[in-house]
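Next come the chains, spelled out residue by residue.
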2 protein chains.
Amino acid sequence: MDIRVVACDIFGTTVDWYTGVADQVAQLLPNVDAGDFAERWRDRYIPSMNRVRSGERDWAYLDTLHRESLDDLLRELDVEADDETRDRLVLAWHRLPAWPDSVSGLARLRAKHVTATLSNGGVALLTHLVKAAALPFDCVLSAELAHAYKPDAAVYQTAAALLDVQPEQILMVAAHKWDLVGARKAGLRTAFLSRPLEKGPNKQADQAADVDCDLYADSFLNLAAQLE
Amino acid sequence: MDIRVVACDIFGTTVDWYTGVADQVAQLLPNVDAGDFAERWRDRYIPSMNRVRSGERDWAYLDTLHRESLDDLLRELDVEADDETRDRLVLAWHRLPAWPDSVSGLARLRAKHVTATLSNGGVALLTHLVKAAALPFDCVLSAELAHAYKPDAAVYQTAAALLDVQPEQILMVAAHKWDLVGARKAGLRTAFLSRPLEKGPNKQADQAADVDCDLYADSFLNLAAQLE
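Residues numbered from 1 in each chain as written. Chains lettered and ligands numbered in written order. Predicted model: local features only at pLDDT ≥ 70, side-chain atom pairs only at ≥ 80, totals over all residues. Heavy atoms only, no water.

Caption draft 1: Structural context of the interface of chain A and chain B. In this complex, chain A contributes 18 residues to the contact, which on the side of chain B involves 18 residues. Both faces considered, chain A and chain B share a buried interface measuring about 1,600 Å² in area, 61% of it formed by carbon and sulfur atoms. At the junction of chain A and chain B, the tally comes to two salt bridges. Notably, a salt bridge pairs Asp-138 of chain A with Lys-131 of chain B, separated by 2.5 Å at the nearest N-O pair. Counting across the interface, chain A meets chain B through 10 residue pairs in polar contact (both at pLDDT 80 or more). The set of elements that each furnish at least two residues to the side of chain A that touches chain B consists of α7 (123-132) and β3 (139-142) of chain A. When grouped by side-chain class, the residues that make up the side of chain A that touches chain B number 10 nonpolar, two polar and six charged. (Contact = heavy atoms within 4.5 Å. Buried area = accessible area lost by both parts, 1.4 Å probe. Salt bridge = Lys/Arg side-chain N within 4 Å of Asp/Glu carboxyl O. Polar contact = N/O pair within 3.5 Å; in protein donor to acceptor, adjacent residues only side chain to side chain. Helix = DSSP H or I, 4+ residues; strand = E, 2+ residues; numbered from the N terminus. Nonpolar A, V, L, I, M, F, W, Y, C, P; charged D, E, K, R; others polar.)

Caption draft 2: Highlighting the relation of the copies chain A and chain B. Superposing chain A onto chain B takes a rotation of 180° plus a shift of 0.0 Å along the axis, which leaves an RMSD of 0.0 Å. The symmetry that links the two subunits is that of a two-fold axis. Rotation axis and chain A: the residue whose C-alpha lies nearest the axis is Cys-139 of chain A, separated from it by 2.8 Å. The fraction of interface residues of chain A whose copies in chain B are also interface residues reaches 100%, indicating that both copies meet through the same surface. (Least-squares fit on C-alpha atoms with pLDDT ≥ 70 in both.)

Caption draft 3: Structural view of the sheet that holds strand β4 (residues 170-174) of chain B. Residue and element names in this part refer to chain B. Within the open sheet, the six strands sit side by side as β3-β2-β1-β4-β5-β6. Their pairing is parallel. Edge strands, defined here as strands with exactly one partner in the open sheet, are β3 (139-142) and β6 (215-217). Sheet twist, expressed as the average angle between the axes of neighbouring strands with direction ignored, equals 25°. Relative to β4, strand β1 (residues 5-8) is paired through four bridges, and the arrangement is parallel. Looking across to β4, one finds that Ala-7 is bridged to Met-172. Sheet strands touched by helix α10 (residues 220-227): β1, β4, β5 (189-193) and β6. Its angle to β6, the strand with the most contacts, is close to 140°. (Pairing = 2+ DSSP bridges. Axes fitted to C-alpha atoms, helices over the stretch in contact; angles between N-to-C directions.)

Below, the structure written as structure tokens:
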């Protein structure tokens, strides 16, 4: 493998969305079960992107999809929340805690490779998130730049084009099978990073045994060691 | 002013293209006057972009324009250079020395604002350059993302859209009048950063007295102090 770029999924792979979102929900909606709320909100993530991917609706960036699925969830649970609270909840996804190995592991990867985000989050969201968690990325790449969503090939191919490398010179790192399947189809190399708690304590995260890819790691540090 | 984003021009403003390119030319083309060569190459920069801006030719990223103007210059000077040397010369623009205040000044700006590149260089070029010079930017934004070139309004407006801010929440920092005029027309705030040597020792750089903008600074540190 001639890896030039290590492209990283963010939600679940680099940061702990479950804890971060649940913490914000607990603060802003004190009367709901915050963990359950975070889970249900995230459950709407893939379906909301699929409506864009299928052409059922025009391109919309992730903040818009998050807001719509939040409104929908609040309606379903019959929870009251004013506009400002809703805006602040959507911004919870802009500031999420890194997994303990993410900063040190990415720093080590960055010493020998270009490190980039490659997430369905928008450029603004990712810029805020990377800055708040001090994640050592060389550049912020987003599905927004392709006006598409992973796992559409356009997202991975746009990343290769913008960084002026061949698809096989990018290693896509993710904790999700669907992302790695898409990356592989687009010609990228793939690494599964297992994050057993990424879906919270009640849901089973994707497991290495179910994913067919080039590398398997249980932390960014472990991945860096394998690439050295 | 409610500045959220400090967007920085790169060539001449953040890094010393003249010294960096002349050094590479001296190494790769030992028989030419390296400073003069760097100047002549850069003289072709604005005209080459104008051919894209006017619609005379399709979008092409800066590496392509640099390569074409290099080929043209070598022909004019009757200098021999093989393909590999030409490729390496084009890459000289990917690795340029920062001005002495750029790293510390940008770090100080980054503490309170989002710092972004906003250059006519492509995403790959900027990613390489920012990484090599360890410039503390939160994200890499390029004219390439608008398929346009500064001073076209689309470049500045694309930056605002991607970072989800109003144009007047971006402060464009540049050592060039033409860039700041374009930014201002697009609704951005503007700061002139004087770089007396940015065109080398033989050419007059743009001067503060000739530029109409919101702020004037002689270093990134000085600009950070004014914003605090």
